[in-house]
Amino acid sequence: MSRLPSIDVTVYPYECDAYGHLNEAAYLTLFERARWEALARGPGADIFARHKLWPAVRKATIEFRAPAFPGDILTVDLHLEKLGRTSVELRQSAKRAADGVLLAEVHLVFVMVDGKGNPVAMPEEVAAVFGGRVSTMPGEMVRYDVGRVTLAADVRGDGPALLLVHGFPLDRSLWAHQVATLAGWRRIAPDLRGLGATVAPDDDYSIAAYADDVIGLLDRLRISRAVVAGLSMGGYVAFEMVRRYRDRVAGLILCDTRADADGVEGRASRDAMIAVAQEQGVSVVAERLLPRVLGRTTQLTQPHLVEQVREMMTRAPVSGVVGALRAMKERPDSTPLLPSIDVPTLVVVGQEDEMTPPAIAKAMTDAIPSAAMTVIAGAGHLSPLEAPTAVSRVLAEFLEHVRDTVN
Ligand code: MLT
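Note that the coordinates shown come from a computational prediction; the quantities given were computed from them, not determined experimentally.

**A few points about the overall build of the protein chain**
Helix and strand counts for the protein chain come out as 14 helices and 13 strands. The C-alpha radius of gyration of the protein chain comes to 24 Å, within 12% of the 22 Å expected for a compact globule of 407 residues. Each principal axis of the C-alpha atoms in the protein chain carries an extent, and together these give about 80 × 45 × 40 Å. In the protein chain, buried positions account for 54% of the 407 residues. Contacts in the protein chain between residues far apart in sequence, at least 24 positions, make up 73% of those at least 6 positions apart. If you sum the accessible surface of the protein chain, you get close to 17,100 Å²; carbon and sulfur atoms cover 53% of it. Taken together, the 44 basic and 51 acidic charged side chains of the protein chain have centroids lying 3 Å from each other.

Right, here's the structure in full:
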């Protein structure tokens, strides 16, 4: 089964032929209507336009089983038959909603073509819609020695650079969907020191050290400027880059983050969390954080994602977790920096983010000249993971808008 929803379509009298039922031409139209409706409810009917390709039909074969008449409601499902590099074979079935009787099936072969009609490789986001898999770890991991640490990173695609910095206590797989889908950009998602596949030193953790590491990575990749996307702690790193490496930052995407430093209470709760990590282990830290980082909707509707984030947090080594907590506790206040930010900036926040709620995102947006803000419905603090398609779409639009500035 594909990831597209079932669609109920009503058979209208004007669609039926002289015998009063749907003929094959009408069935083709009805199946097509259901496909576009499913795309509109799922990843967006503009998914092909976003990737600058078009699914050209090469073959369509209808099998009639029983007639459909005006007023019948048909439930149309889409099944993946075969996924190739540039092509996809699909089967759509239409069942009468009233009794579940299979009325017709169509077998379709599509080839993805560019504007000139030439076949093109199917982007992972498109393949995922049809039921292909987007891996949770984007693969193509490389390791770069950047001084005191060797950073693991996913590096994919060509074009202007987009650096994606994860939050705490997470890793680069937070950005898996964006790494897989933001075509036309060179996507670079590192694991910060002490997290993911980047080896953890015992000490020397600070937001400044994280920023130095990712600048070292850009140097190794010979990238002079990048749009920097940072989620939560990754946002603190992005602010540090603006503070100390301003000419390397071509644009900012501030995702579920905040500019101010920890207050007295915040610092005390960092110390308490450090004690928990050291005395009870990272799995206890994960259990405390999970209900706060994931939105209500995700907790209710995406149990597999709750599990994925639990695993991601639990595989972090104690030294990396303690180091990050100390780094965040000591981070500087970036509020005074906000009015001086003069690169294109997008603020993204999950509607259900309890850690850095939309009100905080709004205040941050207001303080940055010409920043725009987008609220992601049904997502919490980890919006790129909880609502990957929506976040990737918002990022793609922003990136397209700033492409000329960045180049
Ligand atoms: C994060 O997601 O990176 C953390 O929530 C940031 C923080 O605790 O300040």
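**A few points about the pattern of salt bridges**
Pairs can form between side chains of opposite charge once their charged atoms are near each other. Under the defined criterion, the tally for this structure stands at 28 salt bridges. Here E63 and R91 are joined by a salt bridge, their closest N and O atoms 3.7 Å apart. Of the two residues, E63 sits in strand β2 (residues 54-64) while R91 sits in strand β4 (residues 87-96), which places them 28 residues apart along the sequence. A relative accessible area of 36% means that E63 is categorised as partly exposed. A cluster of three or more residues bridged by salt bridges with shared partners is formed by E63, R65, E81, R91 and E105.

**Section: the site of the ligand**
Taken together, the residues surrounding the ligand are G167, F168, S232, M233, Y236, R270, M328, M355 and H381. Here an oxygen atom of the ligand and a side-chain polar atom of S232 are 3.0 Å apart. One nitrogen or oxygen atom from the side chain of Y236 is found 2.5 Å from an oxygen atom belonging to the ligand. Class assignment for the residues of the shell around the ligand results in 5 nonpolar, 3 polar and 1 charged.

**Some details on the packing of helix α8 (residues 282-293) against helix α10 (residues 303-314)**
Here α8 crosses α10 at 140°, and the two axes come no closer than 9 Å. When the axes of α8 and α10 are compared, the pair comes out oblique. Where α8 crosses over α10, the handedness of that crossing is right-handed. Only V306, V309, R310, M313 and T314 of α10 make contact with α8, whose side of the interface consists of V282, S283, A286, E287, L289, L290 and V293. Its residues placed into classes, the contact of α8 with α10 shows 8 nonpolar, 2 polar and 2 charged.

Reading the values: rules and limits
Residues numbered from 1 in each chain as written. Predicted model: local features only at pLDDT ≥ 70, side-chain atom pairs only at ≥ 80, totals over all residues. Heavy atoms only, no water. Helix = DSSP H or I, 4+ residues; strand = E, 2+ residues; numbered from the N terminus. Rg over C-alpha atoms; globule rule 2.2 N^0.38 Å. Buried < 20%, exposed > 50% of the residue type's maximum accessible area, 1.4 Å probe, protein only. Contact = heavy atoms within 4.5 Å. Areas by Shrake-Rupley, 256 points an atom, 1.4 Å probe, with all protein chains shown as cover. Lys, Arg positive; Asp, Glu negative; His and termini not counted. Charge placed at Lys NZ, Arg CZ, Asp CG, Glu CD. Salt bridge = Lys/Arg side-chain N within 4 Å of Asp/Glu carboxyl O. Near = heavy atom within 4 Å. Polar contact = N/O pair within 3.5 Å; in protein donor to acceptor, adjacent residues only side chain to side chain. Nonpolar A, V, L, I, M, F, W, Y, C, P; charged D, E, K, R; others polar. Axes fitted to C-alpha atoms, helices over the stretch in contact; angles between N-to-C directions. Parallel < 35°, antiparallel > 145°, perpendicular 65-115°, else oblique. Left-handed = near helix turned anticlockwise from the far one by under 90°.

The values are spatial; any link to function lies outside them.
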